[in-house]
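# Structural overview for review
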Amino acid sequence: MLLCSSESLLHNTYSAAEIGLRFSKKTTKNSMFEASIGYKRVFSGYEPEFNYSFVGDSAHNYKTKGNFDRNLFVASINSQQKQKDGWYFSEELTYEAGSHDHSLVFSLQLNKNW
């Protein structure tokens, strides 16, 4: 059974606001640590829809829809280290939790400032 999407590109645009507290500490001359906690409210969007049909049966179209939490607890920790010649290395761990949705994201970045 093959699926055929009736949309060539899926996107999910939404609006949200976040409020919280951020704690920042310079640990050494070239490094910094931050931690934050907060509340995130999604106002609009955030419910992607996907229309599809089965190959060979284009007369019948189906739709699936996501239903995500709109009130989320948000917490993150990150650190940044200054390297030579304006380079910065940073890492961040972010956690978002709602009544049934949970998200854990880890990121590494290398930035050049001039």
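Residues numbered from 1 in each chain as written. Predicted model: local features only at pLDDT ≥ 70, side-chain atom pairs only at ≥ 80, totals over all residues. Heavy atoms only, no water.

### Notes on the side chain of E91
Counting through the fold element by element, E91 comes out in strand β7 (residues 87–97). The side chain of E91 is buried and forms no salt bridge, while R22, the nearest opposite charge, is found at 13 Å. Polar side-chain contacts of E91 include one of 3.1 Å to the side chain of Q81. (Helix = DSSP H or I, 4+ residues; strand = E, 2+ residues; numbered from the N terminus. Buried < 20%, exposed > 50% of the residue type's maximum accessible area, 1.4 Å probe, protein only. Lys, Arg positive; Asp, Glu negative; His and termini not counted. Salt bridge = Lys/Arg side-chain N within 4 Å of Asp/Glu carboxyl O. Polar contact = N/O pair within 3.5 Å; in protein donor to acceptor, adjacent residues only side chain to side chain.)

### Examining the packing of aromatic side chains
In total, this model carries 1 aromatic pair according to the counting rule given. Ring geometry for F54 and Y62: centres 5.6 Å apart, planes at 70°, overall edge-to-face. On the accessibility criterion, F54 (23% relative accessible area) is partly exposed. Among the residues examined, Y62 registers a relative accessible area of 34% and is labelled partly exposed. (Phe/Tyr/Trp six-rings, centres within 6.5 Å; stacked < 30°, edge-to-face > 60°.)

### Digging into the sheet that holds β7
Taken in spatial order, the 5 strands make up an open sheet running β2-β3-β6-β7-β8, and their pairing is antiparallel. Each end of this open sheet is capped by a strand with a single partner; those strands are β2 (15–28) and β8 (102–112). When the angles between neighbouring strand axes are averaged without regard to direction, this sheet yields 15°. Pairing analysis gives 11 bridges linking strand β3 (residues 31–44) to strand β6 (residues 71–82), with the strands arranged antiparallel. Its bridge partner being in β6, M32 is matched across the sheet by Q80. (Pairing = 2+ DSSP bridges. Axes fitted to C-alpha atoms, helices over the stretch in contact; angles between N-to-C directions.)

### Considerations on unusual backbone geometry
A positive phi angle, near 60°, is found at D85, a position not held by glycine. Given the relative accessible area of 65%, D85 is considered exposed.

### Topic: the pattern of salt bridges
Evaluated as defined, the whole model comprises 2 salt bridges. Across the pair E96 and K40 runs a salt bridge, and its minimum N-O distance is 3.2 Å. Here E96, found in strand β7, pairs with K40, found in strand β3; they are 56 residues apart in sequence, far enough to count as distant. Summarising the burial analysis for this pair, E96 and K40 share the class buried.

That is the geometry; function is a separate question.
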